[in-house]
Amino acid sequence: MAKVYTSCPVEYTASIIGNRWKILILRELYNDTKRFNELNRALVGISQKVLTENLRELEKDGIINRKVYPVVPPKVEYSLTDKGEELKGIIDLMKTFGEKYKENKDE
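Residues numbered from 1 in each chain as written. Predicted model: local features only at pLDDT ≥ 70, side-chain atom pairs only at ≥ 80, totals over all residues. Heavy atoms only, no water.

Trainee: So what about the layout of surface pockets? Which residues, and what values?
Mentor: Here the idea is plain: a probe the size of a water molecule rolls over the atoms and shows the empty space left. By volume, the largest pocket is sized at about 210 Å³. Considering the residues around the largest pocket, the lining is formed by 13 residues, among which F36, N37, R66, V76 and Y78 are closest to the centre. For the lining of the largest pocket, the element with the most residues is helix α4 (residues 48-60), which contributes four residues. A per-class count over the lining of the largest pocket returns five nonpolar, two polar and six charged. (1 Å grid on protein atoms, 1.4 Å probe; cavity = no way out; pocket = protein on both sides within 12 Å on 5 of 7 lines; lining within 4 Å. Points joined across faces, edges and corners; volume = space filled by probe spheres on them. Helix = DSSP H or I, 4+ residues; strand = E, 2+ residues; numbered from the N terminus. Nonpolar A, V, L, I, M, F, W, Y, C, P; charged D, E, K, R; others polar.)

Structure (structure tokens):
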């Protein structure tokens, strides 16, 4: 199913990073290039199916690169594109917000 956008830039951005897993995948990839199993281990609670779906969507949206090495067993690495790097500011703001308000949530 094709994505349909209004002229709203916030809606467009939300459609790209609009779920919990995509944001956490981006968080992991800001630190370094990762293989599928590294992402799967880092994202507690995500299934392989959901991880695969989200990686494909991020790749389709031009946010991540998927590099396949011609070896056996297969080796695939994921990294951020320049477009994906531009989302770092949003993730940093989310981190700052969480650090500021999460303490109150635990009480």
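On we go from here.
Trainee: Describe in detail the environment of I64, supporting the description with residues and values.
Mentor: Along the chain, I64 falls in strand β2 (residues 64-69). Exposure remark for I64: the relative accessible area of 2% places this residue in the buried category. Linking I64 and R35, residues 29 residues apart in sequence, is a C-alpha distance of 12 Å. (Buried < 20%, exposed > 50% of the residue type's maximum accessible area, 1.4 Å probe, protein only.)

Trainee: Could you give an account of the packing of aromatic side chains, naming the residues involved and the relevant values?
Mentor: In this structure the tally under the stated criterion is one aromatic pair. Above the face of the Y69 ring, K75 is positioned so that its terminal group lies 4.6 Å from the ring centre. Across from the ring centre of Y30, 5.7 Å away, lies the NZ or CZ of K88, which sits over that ring. (Phe/Tyr/Trp six-rings, centres within 6.5 Å; stacked < 30°, edge-to-face > 60°. Lys NZ or Arg CZ within 6 Å of the ring centre and 35° of its normal.)

Everything listed is a geometric property; what it means functionally is a separate question.
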